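Structural description and commentary
If you want the building blocks of each chain, they are given just below.
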Amino acid sequence: MNPSPNLFLIGPMGAGKSSIGRRLAERFGLPCIDLDAEIERRTGASVATIFEIEGEAGFRRRESDLLAAITTGAGMVLATGGGAVLAPANRALLRERGFVVWLQASVEQQLQRLARDRKRPLLDTPDRRERLEKLALERDPIYSGLADCSVGGAGESCEHAAARIAALLETQWRRPPMAKEDA
Ligand code: S3P
């Protein structure tokens, strides 16, 4: 088996992909890219504004284009947005170009962590629980089918979760030699 040049984090909103991604990147001596933040940086508009002006379809096009461009690189930790796995072409890229880790979170944990969030357009709804349950129902099979490994949230801090995941990855992720030496 060839080493996987990148580490890709997938999972629902509020699973801690960005925070855990930053810590894992530090641990492995790699740069961390946050796909949503990168879309915002390049467009100069927030995800919410893009949804508002171009609709979800417009956002998904930007997400797919950027994912395809970014993943041509090697040696990165990439935190994806929760819906980045929806397009089959995105899944193919993620599968081919990296080791995919599914960060799991229960709806309860998501509700707690995102209680004060006003930036996510999909949570702009009167019944967040119902929305998150529906998304989980649709997406969990997709995350599961794509992931090389999955990590359940134990209600711990991102720091602890990252340490636990890093230990797991030491045994499961075959990194390219250069990234390994830097760690
Ligand atoms: C989305 C998740 C968000 C962001 C957008 C859509 C989704 O990213 O990409 O609001 O479809 O689940 P996070 O998972 O980082 O919150």
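Everything below is about the structure shown above.
The present account deals with the structure reproduced in this document. Keep in mind that what you see is a predicted model, and the values were worked out from it rather than measured.

Points about the site of the ligand
Among the 13 residues in the neighbourhood of the ligand, the closest are listed as K17, D36, R60, R120 and R139. In this structure, D36 approaches the ligand through a side-chain N or O atom, which is 2.7 Å from an oxygen atom. In the environment of the ligand, an oxygen atom lies 2.6 Å from a nitrogen or oxygen atom belonging to the side chain of R120. Expressed as a share of its isolated accessible area of 380 Å², the protein-covered part of the ligand is 95%. Ranked by residue count, the leading element in the shell around the ligand is helix α3 (residues 47–70), at 3 residues. Of the residues belonging to the shell around the ligand, the class tally is 5 nonpolar, 3 polar and 5 charged.

Details of the packing of helix α4 (residues 88–97) against helix α6 (residues 128–146)
Interhelical geometry of α4 versus α6 gives an angle of 30° and a closest axis separation of 11 Å. If you check the angle between α4 and α6, you find them roughly parallel. With respect to the hand of their crossing, α4 and α6 are arranged in right-handed fashion. Counted together, R91, L94 and R95 of α4 and I142, G145 and L146 of α6 form the full contact between these two elements.

As for the pattern of salt bridges
All chains considered together, the criterion is met by 11 salt bridges. R60 serves as the salt-bridge partner of E63, at 2.9 Å between the closest nitrogen and oxygen. Placement of the pair is E63 and R60 together in helix α3, with a separation of 3 residues, close to one helical turn. Like E63, the residue R60 is buried in the burial classification. Linking R120 and D117 is a salt bridge whose minimum nitrogen-to-oxygen distance equals 2.6 Å. The exposure class of D117 is buried, given its relative accessible area of 14%.

Quick look at α4
Within α4, burial applies to N90, R91, L93 and L94. Buried residues along α4 cover an arc of 160° about the axis, so they all sit on one side. In α4, the exposed positions angled more than 90 degrees off the buried face are occupied by P88, A89 and E96. In this fold, the buried residues of α4 make contact with β1 (7–10), α3, β4 (99–103) and α6.

A few points about the sheet that holds strand β2 (residues 32–34)
For sheets, the rule is that strands pair by backbone hydrogen bonds, running either parallel or antiparallel. Read across the sheet, 5 strands follow the order β2-β3-β1-β4-β5 without closing on themselves; strand pairing throughout is parallel. Of all strands in the sheet, those bounded by a partner on one side alone are β2 and β5 (149–151). Each neighbouring strand pair of the sheet contributes to a mean axis angle of 20°, computed without reference to strand direction. Packing of helix α1 (residues 17–28) onto the sheet brings it into contact with β1, β2, β3 (77–79) and β4, and relative to β1 it is tilted by some 160°.

Let's talk about the packing of aromatic side chains
A complete count under the given rule lists 3 aromatic pairs for this structure. The ring of W173 is capped by R175, whose NZ or CZ atom sits 5.6 Å from the centre of that ring.

Here is what the cut-offs are and how they apply
Residues numbered from 1 in each chain as written. Predicted model: local features only at pLDDT ≥ 70, side-chain atom pairs only at ≥ 80, totals over all residues. Heavy atoms only, no water. Near = heavy atom within 4 Å. Polar contact = N/O pair within 3.5 Å; in protein donor to acceptor, adjacent residues only side chain to side chain. Areas by Shrake-Rupley, 256 points an atom, 1.4 Å probe, with all protein chains shown as cover. Helix = DSSP H or I, 4+ residues; strand = E, 2+ residues; numbered from the N terminus. Nonpolar A, V, L, I, M, F, W, Y, C, P; charged D, E, K, R; others polar. Axes fitted to C-alpha atoms, helices over the stretch in contact; angles between N-to-C directions. Parallel < 35°, antiparallel > 145°, perpendicular 65-115°, else oblique. Left-handed = near helix turned anticlockwise from the far one by under 90°. Contact = heavy atoms within 4.5 Å. Salt bridge = Lys/Arg side-chain N within 4 Å of Asp/Glu carboxyl O. Buried < 20%, exposed > 50% of the residue type's maximum accessible area, 1.4 Å probe, protein only. Arc of directions from axis to C-beta. Pairing = 2+ DSSP bridges. Phe/Tyr/Trp six-rings, centres within 6.5 Å; stacked < 30°, edge-to-face > 60°. Lys NZ or Arg CZ within 6 Å of the ring centre and 35° of its normal.

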